[in-house]
4 protein chains.
Amino acid sequence: MQDVDIQTILDDIRQQTEAFGDRGNVADYIPELAKIDPARFGMSVRLVSGEVFETGDAGAAFSIQSISKLFTLTLALGKLGTGLWARVGREPSGTAFNSIVQLEYEHGIPRNPFINAGAIVVSDVILAGHRPREAIGEILRFVRFLADDPDILIDREVARSETETGFRNYALASYMRSFGNLDHDPALTLGVYFHQCAIAMTCRQLAAAGLYLANDGVSPLTGGRVVAPERARRINALMLMCGHYDGSGDFAFRVGLPAKSGVGGGILAIVPGKASVAVWSPGLDRNGNSQLGTWALEQLARRTGWNVFSG
Amino acid sequence: MQDVDIQTILDDIRQQTEAFGDRGNVADYIPELAKIDPARFGMSVRLVSGEVFETGDAGAAFSIQSISKLFTLTLALGKLGTGLWARVGREPSGTAFNSIVQLEYEHGIPRNPFINAGAIVVSDVILAGHRPREAIGEILRFVRFLADDPDILIDREVARSETETGFRNYALASYMRSFGNLDHDPALTLGVYFHQCAIAMTCRQLAAAGLYLANDGVSPLTGGRVVAPERARRINALMLMCGHYDGSGDFAFRVGLPAKSGVGGGILAIVPGKASVAVWSPGLDRNGNSQLGTWALEQLARRTGWNVFSG
Amino acid sequence: MQDVDIQTILDDIRQQTEAFGDRGNVADYIPELAKIDPARFGMSVRLVSGEVFETGDAGAAFSIQSISKLFTLTLALGKLGTGLWARVGREPSGTAFNSIVQLEYEHGIPRNPFINAGAIVVSDVILAGHRPREAIGEILRFVRFLADDPDILIDREVARSETETGFRNYALASYMRSFGNLDHDPALTLGVYFHQCAIAMTCRQLAAAGLYLANDGVSPLTGGRVVAPERARRINALMLMCGHYDGSGDFAFRVGLPAKSGVGGGILAIVPGKASVAVWSPGLDRNGNSQLGTWALEQLARRTGWNVFSG
Amino acid sequence: MQDVDIQTILDDIRQQTEAFGDRGNVADYIPELAKIDPARFGMSVRLVSGEVFETGDAGAAFSIQSISKLFTLTLALGKLGTGLWARVGREPSGTAFNSIVQLEYEHGIPRNPFINAGAIVVSDVILAGHRPREAIGEILRFVRFLADDPDILIDREVARSETETGFRNYALASYMRSFGNLDHDPALTLGVYFHQCAIAMTCRQLAAAGLYLANDGVSPLTGGRVVAPERARRINALMLMCGHYDGSGDFAFRVGLPAKSGVGGGILAIVPGKASVAVWSPGLDRNGNSQLGTWALEQLARRTGWNVFSG
């Protein structure tokens, strides 16, 4: 695989996306997200070796939404270690990202840290001993550190929009609180959660931020260790199993890479040992994952041979 | 990684298993299986390069049970191609291996080919145009071909035992039939299904039979192509996502390899590009997966560095 | 309330039904039932005092289907007494008449004897110690005795039709068998169940057969006691709570009488202390209950003041 | 039935309760309720004709909790009429009183007005156009009017206790809000709901307050019409179908009267045309209904012949 090839592949992919009639539907349950132009498309590939390849709107910031769950999980594991798994499971959910049914059957323990309920517990862990403002600041600093970019910001309008309309998340949080699996007032924990989801990043920044997971836990940007090799491997496993909600099986089948999606239309995918890839296309499929983003990663994986399931 | 190392690792693992107090419970819902000695333990590693490493009862035959679903899936994909996915999903189930709840909510379409309902549909595909006896024969010949071993047999006592007591599988089959997702009389399709589950194999044979999945679809034993590279990759993805029922997430987290378990206590794991590994220990955990077998694979993966999630 | 009034009410009701555009849909999952003319309508009121009032097709035989569950429950309680309640619950199901979900959550114990699963258990109780043919004969003789009419028959075509297509009932029976809540081979128990459902009766016969429930357990036709007063009262309670599947609440709200419906379009309603009422209109609502039959009973209850909830 | 008999029956019942070893468990999820002495027992029967019979602690106030749902339903029907049924169903739930599962499957529409979710919607209707304080005042005035007793109060400690710990109700309210089935901020609607549940009444007051439902909608105390006869009948039907959560079928089977229970240990039962009965015993069964209260009503119904299912 030559460098020139990756650039060619990215450009081909971007060009082909222009012909797509059905790009899925932009998330409309968060009013601020509904305003995004569905024609935007960007992609960024950052190799462990340092090279970067981009196409389209790779430099445009978008709301990372649930991709933030990857970063907060990393943070929370740093605070609580394996103790986190007493409060959150590690199994695919078999249900929609915001389902509350499973919580009733499993007594307030979310199935994994990437569905909403699980990520709210993770935020609750980060909030411990802090005020929401401080916890939000810590998350933002961590993301800036991972991306090696001090200019990453939270979109306050998006955060406000979710705070005002996120009743389903209030329900999840209150419900877990009733089982004793939330240590703070739901409004406080959700304050953290809504703000982390409202972080705005570009594909370029996202690919950079995820690179430690492709490099056994060490960021090639700074040379600093973020997590132990085993933890990097396990986070990748969780991403593959649960990173696309109830479409995770289909994503593994088609793309074959650990990845985390967000309803803002972004996906961050990890090629262990090789690269970190971010893609953005706002239109979503019925599971809430970027429709063209998934297709683009499928093309990339096919043409590069990047997938974890072949020799 | 030297060859001598693998043998040492296997011997270490076997030795350590002897100290285990809790080996889980032998499956008792199939009377024939309940008779197995829980102290048995075997493991076989077969490299793509041809080398074989073994320990313990690697040459003892046991009931492969649900590991057969891997071979019948391969067969059915050969017959029906991607058309199979109209009748079976590709998502983790989020429920027990024999749950019927999901079938009601999803109108008779099983979530994946590795839960019982999905495997019954796969058997129904193989049965098309044949009598049960012929379909069973075809499956057995295919498994013998994969393992390059004509001596593999079906344990008639186990098959009879399941036929007489498998009411839950009759329920699943009848239920799917009511939705039109079974083409044959449930008793006929289950005749195939119960016999495939009753195939008896050794760890040695199983590791051989799975090797095509570690070698992009070509069996290193015979040099023959079994499936296209993409299909091998996709079957591996399905194994990782769904191969351990509702414990698949935990297995991916701990072991990080595509694998399929059976209630006979066997597990077949694939190391893409490198090896096929079979392990057998009859005691099961609460999800119905071999308790020591999982632990043994975890040790092997840790000491060899074999997992799909690190660089 | 004068006798002449009831006849007038019945004639008014029948006349008004002629104007109805939407009569619901005739059951089509049983091929034989799908052939019935949806325009048929009959109604019969039999007072405890002996008087009979009729309108329309009150003398036309139709498939009583689930109304038979009332008679088999009475029989099975006679055999097993309150021991029956160890195998069947007494609560409304909150789900469709043929749902299997509840059985998984409640370990094979159906919620009540009027959903399919519950009625299959009841048939299983009646089958004990007999061959299916004998059990079917006993049920038929009991219904003839209740209706004081030796000419009631089983429609063999309907029974055959259900036997060939009733896969969902096979699923329910096999599933309960897997939990040990069925004492016979599912095919045997379902042989009884399908034949009881295929009993053909007229509104006239049905109203007669139900009269013991309006008369504290004694049949006014023969003067013979069928059940103790307390048992009659309790069967009425079960009818009100569970007699219309997941439309039982709506029926109680609108009509306010204990009643049991069947997918053949019949409903048998009890006015404690006063009368037994049978109505037949083949078109069903979305819960599987006769649409016009329910409306007709609502009119009758309103104009006569017959309901159990007012003073 | 002579008046003296009822008094004798009540005294017998009270005396027999003293021998009971297992009185169930006092509700402990509301701290204030957990303090109640489980040995308390009171019962009051008020005939439509005006006579009153009492035993035990009939004059002791307790937290009526969910019995309040009966009064708020009556109020809300007065405001919204049958339009209420677009927001709340009329079917038994088949699940626990505080289950959230059904809300997900049925898109935010609670199954009936007597489970928590349904009662919260009812409170939301009463809140329309008011501040919570005003709505609470209206409910309290209505209950005082029904009981013809200006001394009924809200227990502020209980209300505060629920406000601080009622996370599951916050979850239900937020969840319905996410489906658009709540018009106010969950905290406001729950402010009303928690206060109505905290109304403290004696058996004497409760029996008086319920009497309009036994008298076709007219209060015999004041002679004033509360609701139309049809509405009284329909509320009774709802009580019978849904008044005891997932124990409603059992209650109908054993007692045979429309009734509403509360986790404070009270039950209000209606004998159409004859009487209103209140009983109080704080120990609850597994469905959250008063264990001895149910038993006491069963005895009363048996000895008086008061039940709606016999002639």
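What you see is a predicted model; the values in this text were computed from it and never measured.

**Q** Tell me about the interface of chain A and chain D, and name the residues and values.
**A** Taken together, the 15 residues of chain A in the interface contact 15 residues of chain D. Contact between chain A and chain D buries roughly 1400 Å² in total, counting both sides, with carbon and sulfur atoms accounting for 68%. Where chain A touches chain D, the interface holds 2 salt bridges. The shortest N-O distance in the salt bridge between Arg168 of chain A and Glu104 of chain D comes to 3.7 Å. Viewed at the interface, chain D and chain A are joined by 8 residue pairs in polar contact (both at pLDDT 80 or more). If you list the elements that add at least two residues to the side of chain A that touches chain D, you get helix 3 (101–105) and helix 7 (167–178) of chain A. At 8 residues, helix 7 of chain A tops the list of elements feeding residues into the side of chain A that touches chain D. Here the residues of the side of chain A that touches chain D sort into 9 nonpolar, 3 polar and 3 charged.

**Q** So what about the interface of chain B and chain A? Which residues, and what values?
**A** Listed by partner, the interface residues are 35 residues for chain B and 35 residues for chain A. It is Arg233, Phe253 and Phe309 of chain B that lose the most area in chain B upon contact with chain A, and together they represent 26% of the buried surface on that side. For the interface between chain B and chain A, the tally reads 8 salt bridges. Across the pair Glu230 of chain B and Arg302 of chain A runs a salt bridge, and its minimum N-O distance is 3.4 Å. The interface formed by chain B and chain A contains 16 residue pairs in polar contact (both at pLDDT 80 or more). Those elements that provide at least two residues to the side of chain B that touches chain A are helix 11 (229–242), helix 12 (248–254) and helix 13 (291–304) of chain B. Ranked by residues supplied to the side of chain B that touches chain A, first place goes to helix 11 of chain B with 8 residues. Broken down by class, the residue content of the side of chain B that touches chain A amounts to 13 nonpolar, 10 polar and 12 charged.

**Q** Explain the relation of the copies chain B and chain A to me, using residue names and the numbers behind them.
**A** Between the two copies, chain B and chain A, the superposition gives an RMSD of 0.0 Å; the rotation angle is 180° and the shift along the axis is 0.0 Å. Considering both components of the superposition, the chain copies are consistent with a two-fold axis. Relative to the rotation axis, the C-alpha of Gly94 of chain B is the closest in chain B, positioned 2.3 Å from it. Mapped onto chain A, 100% of the interface residues of chain B are again interface residues, and the two copies thus contact each other with one and the same surface.

**Q** Give me helix 5 (residues 132–147) of chain C: which residues, what numbers.
**A** Note that an α-helix has 3.6 residues per turn; residues three or four places apart therefore point the same way. All names here are of chain C. In this model, helix 5 (16 residues) spans 23 Å end to end at C-alpha, consistent with the 22 Å of a helix rising 1.5 Å per residue. By the burial criterion, the buried members of helix 5 are Ala135, Ile136, Gly137, Glu138, Ile139, Leu140, Phe142, Val143, Leu146 and Ala147. Contacts made by the buried residues of helix 5 are with helix 2 (68–80), helix 4 (116–127), strand 5 (153–154), helix 8 (186–197), strand 6 (199–201) and helix 9 (203–214).

**Q** Please set out the pattern of salt bridges residue by residue, giving values where relevant.
**A** Two side chains that carry opposite charge are able to pair once their charged atoms sit near each other. Counted according to the given criterion, the structure contains 84 salt bridges over all chains. Its salt-bridge partner being Arg111 of chain B, residue Glu106 of chain B comes within 3.2 Å of it at the nearest N-O pair. Here Glu164 of chain C makes a salt bridge to Arg160 of chain C, at a shortest N to O gap of 3.0 Å. Taken together, the positions of Glu164 of chain C and Arg160 of chain C, both in helix 6 (residues 156–165) and 4 residues apart, correspond to about one turn of that helix. Given a relative accessible area of 48%, Glu164 of chain C falls into the partly exposed group. With relative accessibility at 37%, the residue Arg160 of chain C sits in the partly exposed group. Three or more residues joined by partner-sharing salt bridges are found here, namely Arg90, Glu230, Arg233 and Arg234 of chain A together with Asp250, Arg254, Glu298 and Arg302 of chain B.

**Q** Now, about the state of the cysteines: what can you tell me, with residues and values included?
**A** Tallying each qualifying case throughout the model produces 0 disulfides over all chains. For the unlinked cysteine Cys242 of chain C, the closest cysteine sulfur is that of Cys242 of chain D, found at 12 Å. Note on Cys203 of chain D: no disulfide assigned, nearest cysteine sulfur contributed by Cys197 of chain D at a separation of 18 Å.

**Q** If you had to explain the environment of Gly273 of chain C to someone new, which residues and values would you point to?
**A** Summarising the element assignment, Gly273 of chain C is placed in the loop between strand 8 (266–271) and strand 9 (275–280). A residue is classified by how much of its surface remains accessible, and Gly273 of chain C, at 36% relative accessible area, is partly exposed. In this structure the C-alpha to C-alpha distance between Gly273 of chain C and Leu213 of chain C, which are 60 residues apart in sequence, comes to 8.6 Å. In contact with Gly273 of chain C, not counting residues within four places along its chain, are Val48 and Ala214 of chain C together with Gly311 of chain D.

Rules of the game
Residues numbered from 1 in each chain as written. Chains lettered and ligands numbered in written order. Predicted model: local features only at pLDDT ≥ 70, side-chain atom pairs only at ≥ 80, totals over all residues. Heavy atoms only, no water. Contact = heavy atoms within 4.5 Å. Buried area = accessible area lost by both parts, 1.4 Å probe. Salt bridge = Lys/Arg side-chain N within 4 Å of Asp/Glu carboxyl O. Polar contact = N/O pair within 3.5 Å; in protein donor to acceptor, adjacent residues only side chain to side chain. Helix = DSSP H or I, 4+ residues; strand = E, 2+ residues; numbered from the N terminus. Nonpolar A, V, L, I, M, F, W, Y, C, P; charged D, E, K, R; others polar. Least-squares fit on C-alpha atoms with pLDDT ≥ 70 in both. Expected span 1.5 Å × (residues − 1). Buried < 20%, exposed > 50% of the residue type's maximum accessible area, 1.4 Å probe, protein only. Disulfide = S-S within 2.5 Å.

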